[in-house]
Structure formats: C-alpha cells, structure tokens
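Secondary and tertiary structure notes
As a plain string of letters, each chain reads:
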Amino acid sequence: MTAPVPVLLMRGGTSKGAYFRAEDLPADPAGRDRLLLAIMGSPDPRQIDGIGGGHPLTSKVAVVSRSGHPDADVDYLFLQVQVDKPVVSAEQPCGNILAGVGPFAIERGLVAATGPRTSVRVHMVNTGALAVVTVPTPGGRVEYTGDTALSGVPGTAARIEVEFRDTAGSVAAGLLPTGRVRDDLGGVPATLIDNGMPVVLMNAGDLGVSGYESPAQLEANARLRHRVEELRLIAGRLMGLGDVSATTVPKMCLLAPPAHGGTLSTRMFIPHRVHASIGVLAAVSVGTAAAIPGSVAALAGTPETIRLEHPTGFSDVVVDVGTAGDEITVGRAAVVSTARLLLEGQVHPREDRNG
C-alpha cells in the first residue's frame, strides 16, 4: 500500500478531488477503499496525513477507465471519502467532479482530442446514467484558461458544458419516487425528487428560518439541524432508500424567494454540512422541480434558464420538462461549469499496518 500511485488533483466545478485511472488502483473494492482512505488522510478532521482538504467538498475521488458501454467513451466512478470516518461511499454521483472527467480522460490519453472542442461521453457508474462533457481542446490539448466565471470559484476558466441524459430516478425509485409532486413530512410540505441526485425540497419558512442564512449560521442552529435530519430519515424511506441515517442521500434543500435577481434561493444540507454553493446534480434536481407544476419549488412561468442562488453566488440550469396529464417527462438537462488541473504526479499513501 505504500507504493506511489499516479494521480491528477483537479478542481471540478466547486469541488476538488483526486482523479485516478482505474488500472492504478486495486480492483478489489475493499482494498481500493483502504488505499483511498490512506491517500486522502481519513479518518482525521484535518486529513493532515493525506491530500484531502478536511471538508466533504475537497475529499472526493474520481476513478476513470475506458468504457465498454456502447454509448460511452469512459466509465466514471465517484467515491466520497468521508473526512472523520473510515468510510468510502459510492452511493451517489457527483456532477462537480464530473466536469473534470472530460479533461482527465484527454490528459490521460483515454480519449483523443477531436478538434477545437472535444465531447467526452461518460457512463456514470454510480447510477448507470450517461453524460456528455464538452471540453475546449484547441491544438489538440485541453484549454483551462477562459472567461467563464463560476460562483464559488475565484477568477475565471474555460467553459465546460455538461449535459445529462437519462438521469431521472438515478438513485431513488423514480423522478418522483413517491409518485406525488408534494408530500407531507411531519407537517412540512415537501417535494421529493431525483433527477440525478435525490433531493428533498422544503420552504425555509416552514422550518423557522429565512433561507438567506450563511452555511455557518445554519450549521450552528442545532434545533434546525436536528429537525432537518428527522425529516430526512422520513423522506429516505418514502423515496425507497430505506434507512438513510448512515448515508449521504437524500440531500435537503431549503428554498426561499430570490434575493439577487435569480429564480430561487437555495440552501443545501449535504446532508449534515451546508454546501457553500450547490452540487451540480442537486441543482439539476432542484431546477427540474421548479419546472413541475404543483411542486414546492414550482414557478408561475418557467424561464429557459433557471438561476439558483446559493451562499456564494448562483448556478444556471437548463431543463426541459414536459407534462401530459399525470405523466412528467424530462428531456435535456445541462449546466455550464469549469475545471482546472491543479497537480499531476504520484501520491505516497501512509502505510497501513493493520492490513
């Protein structure tokens, strides 16, 4: 386990993670997870003996390989390495880290650049869904410099387009896993949805907060956190996810009217910390709910681009939702993102003397 492992450290969207070729990690999941815990430095709140950043948003891993799927170029397995527990979870995808999969695949020679822009078809192993990540590749090389700003990320970078396909019911039992647009969670109206990420949407006012608080303020509200977790456990069972007390889905989203010219204001519990922004796939689920009449997030008129405000700015989502009677169908769902290569080299994990 002490042998060095080739790695790219990349920012994908508003997250940061370690990207590996599958061939460079143990094929056995248990051995792979032990190695990743050592690489990231978990369990430790600072991850001081590893390359993790001491926060869920900076303790992420992408495992990428050439794909055998007929409609994909690469397979992408997302792994969440918990910071303070010896746990590696594959139960959910990550749309932020996905933005870096296209550049990684090209950098590592898994996909050849095809022109000024290269589209990388990605099979998301966690859910079986497909995505297309379009990367600027002038001169046959990945271009990271550009003028696209992403809230929660300093400066600007090259524009990456991430289009999701067939993401409805990616983890839960369906787009609306209960079969209802609205549910009652212990007296709180909620919409339970999964269009790439299982999310529970509630109005912040129904939980006694404004929805404009900072993540630190929400995390310091012990009564609110207890109530959110209580409702999450109820929602998990309703969504067909069973007992979610030890899992990271569903996410819990508090909604409020927009405060800065957007479409909706959001605060996302992920699930026990509050996101500094909003996850890509969570944003797609929230944007989809906003386009469904009668949902907690429903809009009087759905704009072409749904702008979701969050603690550090906004995220733009484009969704195509159709309704015919009781049937709801989701067409295109896409987001604009950026990614950047931070470090390329070999990581030296600590020795595991416990085997």
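A quick note: this is a predicted structure, and the numbers were derived from the prediction, not measured. (Residues numbered from 1 in each chain as written. Predicted model: local features only at pLDDT ≥ 70, side-chain atom pairs only at ≥ 80, totals over all residues. Heavy atoms only, no water.)

Before going further, it helps to examine the overall build of the protein chain. Looking only at helices and strands, one finds 5 helices and 19 strands in the protein chain. Compactness check: the protein chain gives a C-alpha radius of gyration of 20 Å against a globular reference of 20 Å for 355 residues, within 12% of the reference. Principal axes of the C-alpha set define a box for the protein chain whose edges measure 55 × 50 × 35 Å. Going through the 355 residues of the protein chain one by one, you find that 54% of them count as buried. Put simply, the protein chain shows about 14,500 Å² of open surface, and 49% of that area lies on carbon and sulfur atoms. Across the protein chain, the mean location of the 30 positive side-chain charges is 5 Å away from that of the 35 negative side-chain charges. (Helix = DSSP H or I, 4+ residues; strand = E, 2+ residues; numbered from the N terminus. Rg over C-alpha atoms; globule rule 2.2 N^0.38 Å. Buried < 20%, exposed > 50% of the residue type's maximum accessible area, 1.4 Å probe, protein only. Areas by Shrake-Rupley, 256 points an atom, 1.4 Å probe, with all protein chains shown as cover. Lys, Arg positive; Asp, Glu negative; His and termini not counted. Charge placed at Lys NZ, Arg CZ, Asp CG, Glu CD.)

Of note, R11 is situated in strand β1 (residues 5-12). Separated by 142 residues in the primary sequence, R11 and V153 have C-alpha atoms spaced 9.4 Å apart. Once residues within four sequence positions are removed from consideration, R11 is found in contact with K16, L150, V153, A157, T338, A339, R340 and L342. Side-chain polar atoms of R11 contact the backbone oxygen of G13, separated by 2.8 Å. (Contact = heavy atoms within 4.5 Å. Polar contact = N/O pair within 3.5 Å; in protein donor to acceptor, adjacent residues only side chain to side chain.)

Right, let's talk about the packing of aromatic side chains for a bit. Throughout the structure, instances matching the rule amount to 1 aromatic pair. Here R307 stacks its cationic end above the ring of F314, 3.6 Å away from the centre of that ring. (Phe/Tyr/Trp six-rings, centres within 6.5 Å; stacked < 30°, edge-to-face > 60°. Lys NZ or Arg CZ within 6 Å of the ring centre and 35° of its normal.)

Next up on the list: helix α2 (residues 95-107). With 13 residues, α2 extends 19 Å between its outermost C-alpha atoms, agreeing within 8% with the 18 Å of an ideal straight helix rising 1.5 Å per residue. Within α2, the axis deviates most sharply at V101, by approximately 30°, and proline P103 lies no more than four positions further along. Among the 13 residues in α2, 12 count as buried, and that is most of the element. Remark: G109 follows α2 within two positions and exhibits a positive phi of approximately 75°. (Expected span 1.5 Å × (residues − 1). Bend = angle between axes of the 7 residues up to and from the residue.)

A few words on the side chain of E229. Its place among the elements puts E229 in helix α4 (residues 222-238). Here the side chain of E229 touches R232 through a polar contact of 2.8 Å, side chain to side chain. Contact partners of E229, with chain neighbours within four places excluded, come to S245 and H272.

With that out of the way, let us pick up the pattern of salt bridges. Within this structure, the stated rule accounts for 12 salt bridges. Here E161 and R159 are joined by a salt bridge, their closest N and O atoms 3.1 Å apart. Of the residues examined, E161 reaches a relative accessible area of 31% and is grouped as partly exposed. Owing to a relative accessible area of 39%, R159 belongs among the partly exposed residues under this scheme. Overlapping salt bridges, with partners in common, bring together E163, R165 and R332 in one network. (Salt bridge = Lys/Arg side-chain N within 4 Å of Asp/Glu carboxyl O.)

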